[in-house]
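A closer look at the structure
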Amino acid sequence: MRPSRLPHLLPLLVGLLALPLAAQRQRLSMDPGWRFTLGEANGAERPGFDDRGWRRLDLPHDWSIEATPREDAPGGGRMGYYPGGIGWYRKAFRLPAGSRGQRVWLEFDGVYMNSDVWVNGVHLGRRPYGYVSFAYDVTAHVTSGVNVVAVRVDNSAQPSSRWYTGSGIYRHVWLTVAPPAHVAHWGVTITTPRADSAGATVAARTRLENAAPAARRLTLRSTVLDAAGHEVATADTAVELAGKGGAELAQALAVPAPRLWSVTSPAMYALRTTLLDGARVLDSVTTPFGIRTLHWSADSGFALNGARTKLLGVNLHHEAGALGAAVPERVWERRLLALKAMGVNAIRTSHNPAAPEFMDLCDRLGFLVMAEAFDEWTFGKVPHGYARYFKDWGERDVADFVRRDRNHPSIVLWSAGNEIGEQGAPTGHLVLRRLLDVFHREDPTRPVTTGNDNIAADANAATPAFLTSLDVVGYNYVDRWHERRETFAEQDKRLHPDWKMVGTESGTIFQSFDEQYSLGDDATRVDPNYTTGMLTAERRWKWIAMRDWFSGDFMWTGLDYLGEATWPFVGFASGMLDITGHPKDGFYFWQSQWTRTPMVHLFPHWNWPGREGQVIPVLAYASCHIVELFLNGRSLGEKRMEFPAQGTSGGWNSYALPVVRATTNDLHLSWDVPYAAGELRAVGKWRDGSACAEDVVRTAGPAAALRLRADRDTLTTTAGDVLHVEFEVVDARGTVVPTATTLVSFTAAGGRILALDNGDLRELGRNRRDQRRAFNGRGLAILTATTPGRLSLTATAEGLGPVTVTVPVVAGPPRAVVPAAR
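Each value, and the rule that gives it
- Residues numbered from 1 in each chain as written.
- Predicted model: local features only at pLDDT ≥ 70, side-chain atom pairs only at ≥ 80, totals over all residues.
- Heavy atoms only, no water.
- Axes fitted to C-alpha atoms, helices over the stretch in contact; angles between N-to-C directions.
- Helix = DSSP H or I, 4+ residues; strand = E, 2+ residues; numbered from the N terminus.
- Parallel < 35°, antiparallel > 145°, perpendicular 65-115°, else oblique.
- Left-handed = near helix turned anticlockwise from the far one by under 90°.
- Contact = heavy atoms within 4.5 Å.
- Nonpolar A, V, L, I, M, F, W, Y, C, P; charged D, E, K, R; others polar.
- Pairing = 2+ DSSP bridges.
- Buried < 20%, exposed > 50% of the residue type's maximum accessible area, 1.4 Å probe, protein only.
- Disulfide = S-S within 2.5 Å.
- Salt bridge = Lys/Arg side-chain N within 4 Å of Asp/Glu carboxyl O.
- Core = buried A, V, L, I, M, F, W, Y, C linked by side-chain atoms within 4.5 Å.

Here we come to the packing of helix H4 (residues 390-405) against helix H5 (residues 428-442). Look at H4 against H5: their axes get within 9 Å of each other, and the N-to-C directions meet at 25 degrees. Relative to H5, H4 is oriented roughly parallel. H5 is crossed by H4, and the crossing has right-handed handedness. On the side of H4, the interface is formed by Phe390, Gly394, Glu395, Val398, Ala399, Phe401, Val402 and Arg403, while H5 contributes Val431, Arg434, Leu435, Val438, Phe439, Arg441 and Glu442. For the contact of H4 with H5, the class distribution of residues is nine nonpolar, one polar and five charged.

Written out as structure tokens, the structure is:
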């Protein structure tokens, strides 16, 4: 209920009192100005330790990616042949003005792994898990003078994971200063138990703390703000906080005619939580959230805001190729937007908690998220994995994971683990139930699953006790075992009609590691590598699409990633985007099925010298019903497809829409084409013969130039903002030369190159920032700038270039940072 209107001058007074709020609660970046050394540094936790010889850097930082992969690396292919090791970080800082008598805590978004933290020589604690966020109250250990934080990171025991982890403080670090009576860390929980276009109930639970010895009578005010910052609902609650005590308060706020959060319109709100002493603001916290409802059904699958919604998902690891695990926010934004264009509406954070800014992007861009906690419980998969710590830390890590992320509207499902060994153990369900208790206690609004790969295994099959304990049964590779290649989960639906089901991980449309396309090693015959990889995915998608009760699927993976490799490769090529974020052919298959975008995509490339006259398969993915292929202007015929197929309606042999007369039951089209250099053109039409889309593939001539394509017209100095510049090797007509492996050199002015990459997972010099070979005629440079002006990238190659792209750099909003001490 809105409080009584105050006298006309009092609102102005309250506003004026609230203006110096930043002096009350401050959340400041600790990222700039650290010193780092690789290797053990005895005594480095002491404030007076001499670190002047250490390297200076800003966070986030991943030291593993800076090294050159080696075949004898202790982590082996699991780590992508990159090293681990021990590293130390130190930072001297001063508290911001207004900190006297305040509470201070230090927050780490992620440190991989086994972090020990000291402030002014006092050991604050150790956190083994490299993906969980954590905070320490340092109030008793900081002074008004120079303070020193020291962090030791130990990723020396290898392998510690089944994929590339990175090493170091690879996510952001924050310092928060708050008054003695304050909103607790992760102390605001927001749910929307009722929401439709007419109105919504926003339920807020707020945990308050009072570190002072005297009791306080205060008011908790919660205010819902829309995207424009307008107040749309307010609730006030009186509270008495005992000295050295706390309280948790529940409030309900009615929001009229809300904009509902959805995958197509991800409307965001914010809850401003204010703690008042009379009219004086003591503390204030703003929490973004979305208004939406979720429902999971054994019969109709998943529904968002009452509308059945199929989860069209991909799995994503946390690194970004040549950048390693320290990924700027804009890099993830570009990648997620590309996946959105493919038709993806769901992300599984395989197999660990994601960075906070990644989750924020999922909220803003409209992705449904399966947020996953672990890859191991008590059954280890690698010698030095999380199983060594699960007994002591598992439940605490889950609690911190959920508390940090439970306000994200994008999260629709928690996953307690992936391919957990306990799924087939006699007592594995007991471990699961302990974790479920934590998930349900911390968030009773969302179900919990696990990714189970042994539901129908020949040995160590998942037990009924384990599977029936899950809120939603997750299938890793639902089509893996025996007759399930064709029947999928049909048997389970008959035996367990009450199960809610989702595909947590499924096979991909795999494309070759080393060659995008190959016709085989024998020049006298055609043995293509690109004609069958889509068949399993097509069969699975047709099954999933026609069964409402199977909520959706998450393919492995959205992007290529580092680790799980075999030398000389440093990563795994299962992505629909390569490791630079460039679409592969599989991207266009899913785009044809998951979007309404009019599109045709032809492949392979058309550069096959010496193969003249040989019959080469040409394939197309299309959302069009009809595609006609032309070679050098001559028609090679129409091919037609339709899914789902149209049945009769209104009478015998009567159809509501024009009949397609499909030439295949596949979800792709193909032609056998005698090779002749020139141009392939695919012309797509809808079922009624109207124009749909076209695609052209041309034979490229010799490399004649370099071309640079920047992804944006302007760059800002905001931390985490970067510019992506794609480089291409083109012929005289501007056609990309798909076989080019040209070595390209780069220089930057007005900024710096963060990374160069090309999609080739055999590239071992990923830490070099001055040159990179083209792969399939392409590559990528990622740049940043810290001062306004102009940022230029110049590329040269033997016989080509130079060519330069320049973009203006404008000042971003100022960043609140902890005052440096030196």
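Around the barrel, which closes on itself, the eight strands sit in the order E21-E22-E23-E24-E25-E26-E27-E28 with parallel pairing between neighbours. The mean inter-strand angle of the sheet, taken between neighbouring strand axes irrespective of direction, is 25 degrees. Packed on one face of the sheet, H4 meets strand E23 (368-372) and strand E24 (411-418) and runs near 160 degrees to E24. Sheet strands touched by helix H9 (residues 535-545): strand E21 (311-316), strand E27 (501-506) and strand E28 (550-555). Its angle to E28, the strand with the most contacts, is close to 155 degrees.

The linkage connecting Leu59 with the following residue, Pro60, adopts the cis geometry, with an omega of 0 degrees. For Pro60, the position within the fold is in the loop between strand E3 (55-57) and strand E4 (85-93). Residues Trp567 and Pro568 are joined by a peptide bond in cis, for which omega reads 10 degrees. As for its placement among the helices and strands, Pro568 is situated in the loop between strand E29 (561-562) and strand E30 (571-572). In this structure, Ala257 is a non-glycine residue whose phi angle is positive, near 45 degrees. Tracing the backbone shows Ala257 in the loop between strand E15 (245-256) and strand E16 (269-277). The exposure class of Ala257 is exposed, given its relative accessible area of 53%. Phi is positive for Asn653, close to 60 degrees, though the residue is something other than glycine. Turning to its location among the elements, Asn653 is positioned in the loop between strand E34 (634-640) and strand E35 (669-674). Given a relative accessible area of 48%, Asn653 falls into the partly exposed group.

Inspection of the secondary structure puts Ala341 in helix H2 (residues 329-342). For Ala341, a relative accessible area of 36% gives the class partly exposed. Between the C-alpha atoms of Ala341 and Glu40, which are 301 residues apart in sequence, the distance is 46 Å. With residues up to four places along the chain from it excluded, the contact list for Ala341 reads Phe587, Gln591 and Thr595.

Applying the stated criterion to the full structure yields one disulfide. The side chain of Cys624 participates in a disulfide bridge whose partner is Cys692; the two sulfur atoms lie 2.2 Å from each other. Taking the sign of the torsion about the S-S bond as the criterion, the disulfide between Cys624 and Cys692, at about -80 degrees, is left-handed. Taken together, the residues span a long stretch of sequence, with Cys624 in the loop between strand E32 (615-622) and strand E33 (626-631) and Cys692 in strand E37 (residues 691-698) at a distance of 68 residues. What makes Cys624 buried here is its relative accessible area of 2%. Exposure remark for Cys692: the relative accessible area of 14% places this residue in the buried category.

With the rule as written, the count across this model stands at 56 salt bridges. Put simply, Asp137 and Arg103 hold a salt bridge, and the shortest N to O gap is 3.1 Å. Here the residue Asp137 occupies a position in strand E8 (residues 134-137), and Arg103 occupies one in strand E5 (residues 103-108), the gap between them amounting to 34 residues. Residues Glu564 and Arg162 are paired through a salt bridge, measuring 3.5 Å at the closest nitrogen-oxygen approach. Within this pair, whereas Glu564 is found in the loop between E29 and E30, its partner Arg162 is found in the loop between strand E9 (147-155) and strand E10 (173-178), the two being separated by 402 residues in sequence. Residue classification places Arg162 among the buried residues on the basis of a relative accessible area of 13%.

Residues separated by three or four positions in an α-helix point in the same direction, a consequence of the helix having 3.6 residues per turn. Across the 10 residues of helix H3 (residues 356-365), eight count as buried, placing the element largely inside the fold. Among all positions in H3, only Pro356, Glu357, Phe358, Met359, Leu361, Cys362, Asp363 and Leu365 are buried. Note on H3: the residue one or two positions beyond its end, Gly366, has a positive phi of about 85 degrees.

Leu336, Leu339, Met342, Phe358, Trp377, Trp590 and Trp606 are the most contacted members of the largest nonpolar core, which totals 117 residues. Other than its neighbours up to four places away in sequence, Leu336 contacts Leu316, Ile347, Phe358, Leu361, Cys362, Leu365 and Phe367. Counting 29 residues, the second largest nonpolar core, distinct from the first, contains Trp34, Tyr89, Phe93 and Val111.

Mapped onto the elements, Asn454 comes out in the loop between strand E25 (448-452) and helix H6 (464-469). Look at Asn454 and you get buried, because its relative accessible area is 17%. Once you skip the residues sitting within four places of it in the chain, Asn454 turns out to touch Gln423, Asn460, Ala461, Ala462 and Trp481.

Another point: the packing of H2 against H3. Axis separation between H2 and H3 bottoms out at 10 Å; the angle between their running directions is 40 degrees. The orientation of H2 relative to H3 falls into the category oblique. The hand of the H2/H3 crossing is right-handed. Counting all contacts with H2, which are made through Glu329, Trp332, Glu333, Leu336, Leu337 and Lys340, the residues of H3 involved are Glu357, Phe358, Leu361, Cys362, Arg364 and Leu365.

Turning to the pairing of E37, a few remarks are in order. In this structure, strand E36 (residues 679-685) lies alongside E37, joined through seven bridges in antiparallel fashion. Directly across from Gly684, in E37, lies its bridge partner Ala693. In sequence, E36 turns back onto E37 through a hairpin of five residues, with Gly689 there showing a positive phi of about 90 degrees.

With that settled, the discussion passes to the pairing of strand E17 (residues 280-289). Side-chain direction in a regular strand flips from residue to residue, so the side chains alternate between the two faces of the sheet. The buried count for E17 comes to seven of 10 residues, which makes it a mostly enclosed element. Strand direction decides the pairing type here: E16 and E17, joined by nine bridges, are antiparallel. The partner of Leu276 across the bridge, within E17, is Val281.

Summarising the element assignment, Gln516 is placed in the loop between E27 and H9. In the structure, Gln516 is positioned 223 residues away from Thr739 in sequence and 9.4 Å away in space, judged by C-alpha atoms. In this view, Gln516 contacts Gln511, Asn529 and Asn776; residues no more than four positions away in its chain are not counted.

So, about the sheet that holds E15. Across the sheet, three strands lie side by side as E11-E12-E15; this open sheet has antiparallel pairing. Because the sheet does not close on itself, it has two edges, and the strands there are strand E11 (181-195) and E15. With direction set aside, neighbouring strand axes in the sheet form an average angle of 15 degrees. Across nine bridges, the pairing between E11 and strand E12 (residues 199-210) is antiparallel. Paired with Val183 across the bridge in E12 is Leu208.

What follows deals with the environment of Gly552. With respect to the secondary-structure elements, Gly552 resides in strand E28. By relative accessible area, Gly552 is classed as buried at 0%. Taking the C-alpha atoms as reference points, Gly552 and Gly301, separated by 251 residues in sequence, lie 8.1 Å from one another. Non-local contacts of Gly552, meaning those with residues more than four positions away in its chain, are made with Lys310, Leu311, Val502, Gly503 and Ile544.

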